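Here is what each chain is made of, one letter per residue.
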Amino acid sequence: MVDTARRGFVRHGARTWRDYFTFNTDHKVIGIQYMVMAFVFFIIGGILAMLIRAELAAPGMQFVGGKAYNQLFTIHGTLMIFFWIIPAFIGLANYVVPLQLGQEDMAFPRLNALSFWLVVPGAILMLTAFAVGGAESGWTAYPPLSLTTHTGQTLWAISLQFIGFSSIFGGLNFLVTIFNMRARGMSLSRVPLMAWAMVATSIIIVMGTPVLSGALFLLIFSRILGTNFFSSTAGGDPLMWQNLFWFYSHPAVYIMVLPGFGMISEVLPAFSRKPIFGYKLIAVSSLAIGIFGFLVWAHHMFTSGMDPLLRIPFMITSMIIAVPTGVKIFSWLATIWGGKLRFTTSLMFALAFISMFVIGGLSGVFLASVPIDIHVQDTYFVVAHLHYVLFGGSVVALYSGIYYWFPKITGRMLNERLGQVHFWLNLIGFNLTFLPQHTLGLDGMPRRVADYDPAFTGLNLVSSIGAMLLAFSTLPFLINVVVSLRRGALAGPNPWRAFGLEWTTSSPPPIHNFPTPPVVDGDPYGYGERPVPVAS
Amino acid sequence: MSQAPGPEASGSQPVMFDTTSRLVAIVIGVVAVVAGLVLGINNPFLNRSVATEGSAIDQLFGLTLGIATVVFVIVQGFLLYSIVRFGRQPDDDTDGPPIRGNHKLEIFWTVIPALTIFFVGFMSYQVLADIEQPQDDALVVEVKGFQFAWQFYYPEQDVTSTEMHIPVDRQVHMKMRSNDVIHSFWVPEMRIKKDVMPDRVTEAFITGTETGTYPIVCTELCGAGHAVMRSQIIIQSDADFKAWIASQQTTASQAAGAAADPMAAGRQLFNSSGCNACHALADAGAVGALGPELDGYSAVAGTRVPGQSAEQYTLEAVVKPNAFIVEGFPANLMPQDYGLRISEQDLDKLVTYLLGMK
């Protein structure tokens, strides 16, 4: 085994911490590389968010005005989306999905390593943007504004090209892995819902990301070669960018939340001691969201002066997304109903996810309705909505998944008491930060402003205090991870007595995951029906 | 799912809905409907709209809020009840009942939300058709957005202003266009918003219902001064509006005969070109704070760049703002295309005005 682990410059598996800095082909190493790097960017993006909230704690411009402020939220949004949520989910899925399928690795281990290492130059370029004048036209980078700003904007676009290719390779890898590499006996109806979620996610990545890459090329050409794709006087159209950008970036929301849906569907049964309710409908609704997600992009453009009649079909498709999403929520509620709930931190994050995501989903229906959107588009109502989806949804689900699989990944348990402190600070801080922003938007506060009407002072102060609390809540989590890595209780193969093949091997799993290829005789939700499988 | 037994197939099915949970379910349902009705009918989240179109949007908002409240209470209610009711005993390691689904229930919670959502969609469509109906007697206002100010031109009256005046109870037909990047015109109190695009005209319709002064806000990120790109809309009685138009026409005709008063012409240009958005100047009533204050400017203009006269420097500061940056202000903040936007003659007038103040 050790001999095959080192072949030329390629490494497989980690024996020392140095191996985590190599072009390593082990999906477990890559998963950890992704997650640790993503968390570093979560912290950087969080620090930028703190600067934003510090500026907004009072009206007027105190610390950062104008351009600097625009750079802050531009990089904050870009980092959180492309360098935190997406890679963090990809990382956790990278670790977990091959184990869930009973495989020794992903289908293309070298491509997998390339996916990760493409993020690194992307990250370097993105942070260098600050040094050369910064990107300052928002993460949406609408031309013509994004054509008039500094060189940082070009670096921003090139950086996202790296991330885009990384995503596309990752998506292909997941699709091939899940469809072609499953344990004996694992028919499609026995595939874990986490893996189904990655199927839907990967379809979106593979179909959507190339469009973003194309749009970014047009933007880069316009900036450095002077092409006119987005200039109406020369036959181009600024709306073309918006169409291309949102064709990827709306489905990207589902890239950022479907893996979370998958994690919740694993966590709830394990801690309710009940099978998942409505397996088929949950799997199908993920695919439905993946497909419908491509038919809604223009709801970001309702006020842009697009064809007025076209707004109607986009409104209908946007609203229809609420149906498969609702199906999931109701199925999860039915899963815990009548169960024997064990309130671990992981379950509490999963329950908080349901509660918070419903708020984000419901405010989404307001935004889908064209007349209401005319009022709230580009206001703090949208900021509140997107954070309820991407923080209350994605990040909370991610925490739930981390608390659930940390023992598998490290072999040690996280401290539950610190976990509870993290959970409550996080939940309270999050709601203090973002709940008031709904009202701010409805009352007339636009987004992306460093200064605002003094009438909005009170709620902004509440929001800023909440944000500080939210930032502080990360501390018990970090302490927990660092301390538990060395001193946490030993986990054993299956600390939660959960179904799923990942729990049938040791924690952490050996280099090729399973001593003997596992065979499956049912889906991974047999709670109350079969005895929990024992580690081989 | 071949091996998934439905609830009816499983023999020893525990009671999932006992008396308590039935009662709780009914209570949650009643609370949801009552809360939905209360919030839907007097929604507390929006202040009063001062436009016909805005009131229609508010009604739709109320309807949507009512429905959303019902869903919200049901989900959170069942979630909370489950948390309170179904926590396991500390030493209980047994599993819950193996229920894998219920077709009737699943069809129910697919179809009912779908019907509800189509209803909301249909109502939205109706409101939308209603609020974008142009009328023949509408007052036409051409709105121009530029970094970082608004300008309003009344073509029928030939009046230009940096504030928007409109008569009450008459539809206003806005034709909007941007000079540079994308802006968005928003009057929160009227619920109207439309992007203002370069090289393309976008349209919006609005009818004021109450006299008063309300903020106009730019809601599309347009650069460093985005947060301060603001103006006001003044909804006034028809008589007041006519009087205002007349007063503006006089000012304009005075400006036209500007040979007599170059200062008035310059002041007019200073405000209509948008300088006032970023530069404070007492003479023009300007309070912008993004760029250097211009009171007392004429005294220092000649001293800024050695070898440049005050006139040369001032002209360059307008058309090539990056050539000299006043300490404490960032480069690239001021738009660099004023040389194209303002005619040569007008540039001369502007320079004369800026240097003419002692």
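Residues numbered from 1 in each chain as written. Chains lettered and ligands numbered in written order. Predicted model: local features only at pLDDT ≥ 70, side-chain atom pairs only at ≥ 80, totals over all residues.

**Notes on the packing of helix 14 (residues 416-443) of chain A against helix 15 (residues 457-472) of chain A**
All names here are of chain A.
Part 1: Where helix 14 contacts helix 15, the axes come no closer than 7 Å and their chain directions differ by 155°. Between helix 14 and helix 15, the angle is such that the two are roughly antiparallel. For the element pair helix 14 and helix 15, the recorded crossing hand is left-handed. Contacts between helix 14 and helix 15 involve L425, N426, I428, G429, F430, L432, T433, P436, Q437, T439 and L440 from the former and L459, N460, V462, S463, I465, G466, A467, L469, L470 and F472 from the latter.
Part 2: Residue composition of the contact of helix 14 with helix 15, grouped by class: 13 nonpolar, eight polar and no charged. (Axes fitted to C-alpha atoms, helices over the stretch in contact; angles between N-to-C directions. Helix = DSSP H or I, 4+ residues; strand = E, 2+ residues; numbered from the N terminus. Parallel < 35°, antiparallel > 145°, perpendicular 65-115°, else oblique. Left-handed = near helix turned anticlockwise from the far one by under 90°. Contact = placed C-beta atoms within 7 Å. Nonpolar A, V, L, I, M, F, W, Y, C, P; charged D, E, K, R; others polar.)

**Remarks on the sheet that holds strand 3 (residues 159-161) of chain B**
Residue and element names in this part refer to chain B.
Part 1: Across the sheet, which stays open at both edges, the five strands sit in the order 3-2-1-5-8 with mixed pairing between neighbours. Taken across any chain shown, the strands that pair with only one partner, and hence form the sheet edges, are strand 3 and strand 8 (202-207). Along the sheet, successive strands turn relative to each other by an average axial angle of 25°, direction set aside.
Part 2: Note that strand 5 (residues 171-178) and strand 8 share six bridges and pair antiparallel. Bridging across to strand 8, K175 finds its partner in E203. (Pairing = 2+ DSSP bridges.)

**Side note on the interface of chain A and chain B**
Part 1: Taken together, the 75 residues of chain A in the interface contact 77 residues of chain B.
Part 2: The element that contributes the greatest number of residues to the side of chain A that touches chain B is helix 10 (residues 322-336) of chain A, accounting for eight residues.
Part 3: Tallied by class, the residues present in the side of chain A that touches chain B amount to 39 nonpolar, 25 polar and 11 charged.

**Considering the sheet that holds strand 9 (residues 212-218) of chain B**
Sheet strands pair via backbone hydrogen bonds, and the direction of the pair is either parallel or antiparallel.
Residues and elements named next belong to chain B.
Part 1: If you trace the five strands from one edge of the open sheet to the other, you get 4-10-9-6-7, paired in mixed fashion. If you trace the sheet from one side to the other, it starts and ends with strand 4 (164-167) and strand 7 (192-196), each paired once. Sheet twist, expressed as the mean angle between neighbouring strand axes with direction ignored, is 25°.
Part 2: Where strand 9 and strand 10 (residues 230-236) come together, six bridges link them in antiparallel fashion. By the bridge assignment, Y214 is partnered in strand 10 with I233.

**Overview of the environment of A:G152**
Residue and element names in this part refer to chain A.
Part 1: Locating G152 in the fold gives a position in helix 5 (residues 151-180).
Part 2: Along the sequence, G152 and L127 sit 25 residues apart, while their C-alpha atoms lie 9.2 Å from each other.
Part 3: Residue contacts for G152: discarding those within four places in its chain leaves A129, F130, V132, G133, G134 and A135.

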